[in-house]
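Each chain, letter by letter, is given below.
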Amino acid sequence: MTRSPGCRCACGLVVAALLLAGCGGPPPRTAPVSPGPFFDLVYETALARRRELMEERYERQDLSYLISVLDYAQTGFYARDREAARQGFTAAYRVDDGNIPEAAKAFNWLQEDARKVYRLDKRERLLVHLYLGLNYLMEDNTEAALVEFKKLRLRDMEASQLPMVNYYYGLACERAGDYDNALIEYRRLREMPAGAALDAEALVARAESLASGRAPPPEDSLELIVQVDHLFAGSVGPTEVWADERLVAVLPGRMDDFEVRLTDEEAARKAAQEATAEITRQGLRLAGKFLARALFNDARFGDLAADIAFGGREDREDTRYWGYAPVTFSFGRVRVPFGTREVRLEFRGPAGGLGQCRYPLAGEHARVERAGRAVFVVAGLAREFYGYQ
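It should be emphasised that the depicted structure is a prediction, and the values quoted were computed from it without experimental measurement.

So, how was this worked out
Residues numbered from 1 in each chain as written. Predicted model: local features only at pLDDT ≥ 70, side-chain atom pairs only at ≥ 80, totals over all residues. Heavy atoms only, no water. Helix = DSSP H or I, 4+ residues; strand = E, 2+ residues; numbered from the N terminus. Buried < 20%, exposed > 50% of the residue type's maximum accessible area, 1.4 Å probe, protein only. Contact = heavy atoms within 4.5 Å. Expected span 1.5 Å × (residues − 1). Polar contact = N/O pair within 3.5 Å; in protein donor to acceptor, adjacent residues only side chain to side chain. Arc of directions from axis to C-beta. Axes fitted to C-alpha atoms, helices over the stretch in contact; angles between N-to-C directions. Parallel < 35°, antiparallel > 145°, perpendicular 65-115°, else oblique. Left-handed = near helix turned anticlockwise from the far one by under 90°. Nonpolar A, V, L, I, M, F, W, Y, C, P; charged D, E, K, R; others polar. Pairing = 2+ DSSP bridges. Core = buried A, V, L, I, M, F, W, Y, C linked by side-chain atoms within 4.5 Å. Phe/Tyr/Trp six-rings, centres within 6.5 Å; stacked < 30°, edge-to-face > 60°. Lys NZ or Arg CZ within 6 Å of the ring centre and 35° of its normal.

Comments concerning the overall build of the chain
The helix and strand tally for the chain stands at 13 helices and ten strands. Counting only residues that meet the buried cut, the chain has 45% of its 389 residues in that class. When contacts within the chain are restricted to residue pairs at least 6 apart in sequence, those whose partners lie at least 24 apart make up 71%.

Describing the environment of Leu53
Position of Leu53 among the secondary structure elements: in helix α2 (residues 44-59). Along the backbone, Leu53 and Val69 are 16 residues apart, and their C-alpha atoms lie at a distance of 9.1 Å.

Side note on helix α6 (residues 122-138)
Its 17 residues give α6 an end-to-end C-alpha distance of 25 Å, which sits within 8% of 24 Å, the value for a rise of 1.5 Å per residue. α6 sits mainly inside the fold: 16 of its 17 residues count as buried. For α6, the side-chain oxygen to backbone nitrogen distance between the N-cap and Arg123 is 3.2 Å, and the N-cap itself is Asp121. One or two residues past the end of α6 sits Asp140, with phi positive at roughly 65 degrees.

Things to note about α2
In an α-helix, one turn spans 3.6 residues, which is why side chains three or four residues apart end up on the same side. The end-to-end C-alpha separation of α2 is 23 Å, in line with the 22 Å expected for 16 residues at 1.5 Å each. Buried within α2 are the following residues: Ala46, Leu47, Arg50, Met54 and Arg57. An end-on view of α2 places all buried positions within 100 degrees of arc, on one side of the element. Among the exposed residues of α2, those oriented more than 90 degrees off its buried face are Glu44, Thr45 and Glu59. With its phi angle positive at about 55 degrees, Gln61 sits one or two positions after the end of α2.

Quick notes on the packing of helix α4 (residues 82-97) against α6
Put simply, α4 and α6 touch, their axes get as near as 10 Å, and they point 150 degrees apart. Classed by the angle they form, the pair α4 and α6 counts as roughly antiparallel. In this structure, the crossing between α4 and α6 has a hand that is left-handed. Counting all contacts with α4, which are made through Arg82, Ala85, Arg86, Phe89, Thr90, Tyr93, Asp96 and Asp97, the residues of α6 involved are Arg125, Val128, His129, Tyr131, Leu132, Asn135, Tyr136 and Met138. Tallied by class, residues from the contact of α4 with α6 come to eight nonpolar, three polar and five charged.

Regarding the sheet that holds strand β7 (residues 352-360)
The strand order β4-β3-β6-β7 describes an open sheet built from four strands, whose pairing is antiparallel. Across the chains shown, the open sheet's two edge strands, defined by having one partner strand only, are β4 (246-251) and β7. Within this sheet the neighbouring strands show an average axis-to-axis angle of 20 degrees, counted without direction. Two strands pair when backbone bridges link them, and strand β3 (residues 239-243) and β4 are joined in this way by five bridges, in the antiparallel orientation. Bridged to Ala243 within β4 is Arg246.

With respect to the sheet that holds strand β5 (residues 328-337)
Read from one edge of the open sheet, four strands run β5-β2-β9-β8, paired in mixed fashion. One side of each edge strand has no neighbouring strand; the edge strands of this open sheet are β5 and β8 (369-371). Taken over all neighbouring pairs, the strand axes of this sheet differ in orientation by 20 degrees on average, direction set aside. When β8 meets strand β9 (residues 374-381), the two strands line up antiparallel, connected through three bridges. Within β9, the residue paired with Ala371 across the bridge is Ala374.

Quick word on the nonpolar core
If you look at the biggest cluster of nonpolar residues, it comprises 98 residues, and the most contacted ones within it are Leu41, Phe89, Tyr168, Leu345 and Phe347. In terms of residue count, the dominant contributor to this core is α6 (ten residues). If we ignore the near neighbours within four places in the chain, the residues touching Phe347 are Phe38, Leu41, Val228, Pro238, Thr239, Gly353, Leu354, Gly355, Gln356, Cys357, Ala379 and Leu381.

Some points on the packing of aromatic side chains
A complete count under the given rule lists 14 aromatic pairs for this structure. Considering the side-chain rings of Phe258 and Phe329, the 6.1 Å spacing of their centres and the 65 degrees angle between planes classify their relative orientation as edge-to-face. In this pair, Phe258 is assigned in the loop between β4 and α11 (264-296) and Phe329 in strand β5, connecting sequence segments 71 residues apart. Judged by its relative accessible area of 0%, Phe258 falls in the buried class. Using a relative accessible area of 0% as the deciding quantity, one classes Phe329 as buried. Feature note: the residues Tyr43, Phe77, Tyr78, Phe89, Tyr131 and Phe385 constitute an aromatic cluster, connected by ring pairs. If you follow Arg50 out to its NZ or CZ, it ends over the ring of Tyr324, 3.9 Å from the centre.

Quick look at the structure:
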């Protein structure tokens, strides 16, 4: 077989590029020096950047588009942009389901090659419903929050022990006046390792009092709900919670890693799907080789046909993932006096102090979400969110 002049030219360019790459080149990059503890968590710039990236991936029909939707929704959640979080997470699970409305024909490219389009794994899908439920809780929409927590439970079928789910599901039931189910969730939580840190005994006692019709003691304080999402290993450590100048709680660094397990049925189905795909691939590859040898005197076309139909091995062993999915969570509830002006979170990592962030409770600079008599403070710890003076 002879090569065309254009092919010889292209090969020459490739070889030249390889030779140039081996002759010097830029010096290796060094890790940036940390400027020290951060003094704020800034999400707005990252939110705008992630929206641009999401739109760029859509325009070029990037098959990992769904990951950029998750990143955008998650950053909106931290930035207290409830609409961005709600729309982004809702779109993510609908696209994952293939539930694209007729009006959204522009998204049909996401369904043309379902094998290569990024699909949420089980943990990511459960996190989507968890974040949506939390987003609704912060909007004081308890009914919608319960719907998302129920969707999560239906998908997990009790395969996993997830303290966050029991904790927030119980809270939503309590807010809805469903004290019996709140009691069930808190009793389950009490049996988990995280139960002691969450003072599950007090939650059970409160739910028992409400379920029996006994009114709890009058409350002269606000309920503060704090959640810290550790987005990389270097951010994992305890968090001190200060109300004005008083230390009111210390949240452990690892309260729920959100370890999702497959049921026996799910594991068997996944193994069967992978085995069937491999058998089909090898069959097509073998048949293609015979045909390619007869027509083109080159058996390599058989491998090409199999890869086009089912993707190459590197495509099946997909290395894409939601990089900002939290590695672990810290969370808790504590009561603070009425009139508290500010909550301050001080974060520690494996190597010591990371920084702090202040959350005014009222006024034009308020950085909390209020739902009834509860105040939510949520922090997502990633280096790109750190603000320095």
